[in-house]
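Structure assessment
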Amino acid sequence: MDNMRGAVLMVLAMLGFALEDMFIKLLSGVSSVGQILVMLGTGGGIVFGVIVLMQGKSLFSRDMLSAPIGLRALGEMVGTVAFVSALSLTPISSASAILQATPLVVTLGAALFLGEPVGWRRWSAICVGLFGVLLIIRPGMDSFQVLSLLAVVAVFMLALRDLATRRTPATISTMQLSFLGFIVLIPAGALLMLASGNAVVIFDAQGWIYFCAALTIGVFAYYAIVAAMRVGEVSFVTPFRYARLVFALIIGVIVFAESPDMLTLIGAAIIVLSGIYSVWRERRVAARA
């Protein structure tokens, strides 16, 4: 029963993240990516900062001055800038499909840099999943869009964030990490605005609705995914993360009039199936241990 509740929470979280992506893409039509990042970083920082203080913890501590925290911040900044830029400049369906390769890259990084054992079957799943990414971006073909590489950069940098999170000091809470993850977006967005020469845009009523919806739904989705991981078994709940791609495809077709071609759909299916197999295989190996 707990696993089913965890699965439902995970699906709701993925629906929330897909809707957040939708509102960010809509907002990018009236504002620069840099300004969006500054505002989301400020709003999310305030929300999680208040939660941290209510828990009786400090917003900053000496333990945060460590290499894993620095690497996590770097991955968060570059990965989020890249993915929000991909949402703004490329179809939401293809950007979301490529993003689903992140867990596979995390497994790859864990094997290469953290010394975690990965058998040949999971190595094969990683290779097949990355082949699915190539089917979506299609380098060397006429349909190749260089902007699609933004989503690929996001995959590797967000994987760096997740790997660094595994080495963060145990004294730093999840909420403190979330607070840090949001506030690092403020300087990243400000630097992007300065580099691109974008002026600050004053939102109209519709722009504020998009922003408030993205922030509110994003916070809800974060809580839902944390609750899902706590309620159900990680190996059972994790495959339901791929529901985000289904929601993104539906949103892309209905809201943005996108029509993903066959290679994009095949590549997305390969990424999802590879990821699910990798999780299943990890569960089998853990059960034998």
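Residues numbered from 1 in each chain as written. Predicted model: local features only at pLDDT ≥ 70, side-chain atom pairs only at ≥ 80, totals over all residues. Heavy atoms only, no water.

Each helix and strand counted, the protein chain has 13 helices and 0 strands in total. For the protein chain, the sequential pattern of α-helices and β-strands runs α-α-α-α-α-α-α-α-α-α-α-α-α. What you see for the protein chain is a C-alpha radius of gyration of 19 Å, in line with the 19 Å of a compact globule of 289 residues. On the principal axes, the C-alpha backbone points of the protein chain span a range of 55 × 55 × 35 Å. Counting across all 289 residues of the protein chain, residues that qualify as buried make up 49%. Within the protein chain, contacts between residues separated by at least 24 positions form 87% of all contacts whose residues are at least 6 apart in sequence. Accessible area for the protein chain stands at about 13,900 Å²; split by element, carbon and sulfur atoms hold 71% of it. (Helix = DSSP H or I, 4+ residues; strand = E, 2+ residues; numbered from the N terminus. Rg over C-alpha atoms; globule rule 2.2 N^0.38 Å. Buried < 20%, exposed > 50% of the residue type's maximum accessible area, 1.4 Å probe, protein only. Contact = heavy atoms within 4.5 Å. Areas by Shrake-Rupley, 256 points an atom, 1.4 Å probe, with all protein chains shown as cover.)

On to the packing of aromatic side chains, then. One pass over the full model with this rule turns up 9 aromatic pairs. Note on Phe60 and Phe179: the rings are 5.5 Å apart at their centroids and 65 degrees apart in plane angle, and the pair reads as edge-to-face. With Phe60 in the loop between helix H2 (33-54) and helix H3 (67-89) and Phe179 in helix H8 (residues 174-183), the pair connects residues that are 119 residues apart, well separated along the chain. For Phe60, a relative accessible area of 51% gives the class exposed. Ring geometry for Trp208 and Phe211: centres 5.9 Å apart, planes at 80 degrees, overall edge-to-face. Placement of the pair is Trp208 and Phe211 together in helix H10 (residues 205-231), with a separation of 3 residues, close to one helical turn. By relative accessible area, Trp208 is classed as partly exposed at 40%. We classify Phe211 as buried; its relative accessible area is 8%. Ring-pair connections join several aromatic residues into one group, and the members of that group are Phe48, Phe182, Tyr222 and Tyr223. A cation sits over an aromatic face here: Lys25 above Phe256, 5.5 Å from the ring centre. (Phe/Tyr/Trp six-rings, centres within 6.5 Å; stacked < 30°, edge-to-face > 60°. Lys NZ or Arg CZ within 6 Å of the ring centre and 35° of its normal.)

Attention now goes to the pattern of salt bridges. Following the criterion strictly, the structure yields 6 salt bridges and no others. Between Glu76 and Arg161 there is a salt bridge, with its nearest N and O atoms 3.3 Å apart. Note that Glu76 is positioned in helix H3 and Arg161 in helix H7 (residues 149-165), a separation of 85 residues in sequence. Linking Arg166 and Glu116 is a salt bridge whose minimum nitrogen-to-oxygen distance equals 2.8 Å. (Salt bridge = Lys/Arg side-chain N within 4 Å of Asp/Glu carboxyl O.)

Running from amino to carboxyl end, helix H6 (residues 120-137) crosses helix H13 (residues 262-288) at an angle of 160 degrees, the nearest separation of the two axes being 8 Å. The angle between H6 and H13 places the two elements in the roughly antiparallel class. Where H6 crosses over H13, the two elements pack in a sense that is left-handed. For the pair H6 and H13, the contacting residues are Arg121, Arg122, Ala125, Val128, Gly129, Phe131, Gly132, Val133, Leu135 and Ile136 in the first and Leu263, Thr264, Ile266, Gly267, Ala268, Ile270, Ile271, Ser274, Tyr277, Ser278, Arg281 and Glu282 in the second. Classifying every residue of the contact of H6 with H13 by side-chain character gives 12 nonpolar, 6 polar and 4 charged. (Axes fitted to C-alpha atoms, helices over the stretch in contact; angles between N-to-C directions. Parallel < 35°, antiparallel > 145°, perpendicular 65-115°, else oblique. Left-handed = near helix turned anticlockwise from the far one by under 90°. Nonpolar A, V, L, I, M, F, W, Y, C, P; charged D, E, K, R; others polar.)

Between helix H4 (residues 92-99) and helix H12 (residues 243-254), the least distance of the axes is 8 Å, while the angle of their chain directions is 170 degrees. In this view, H4 runs roughly antiparallel relative to H12, as classed from their interaxial angle. Within the contact between the two elements, H4 uses Ile92, Ser93, Ser96, Ala97 and Leu99 and H12 uses Arg244, Leu245, Ala248, Leu249, Ile251 and Gly252. Considering only residue class, the contact of H4 with H12 consists of 7 nonpolar, 3 polar and 1 charged.

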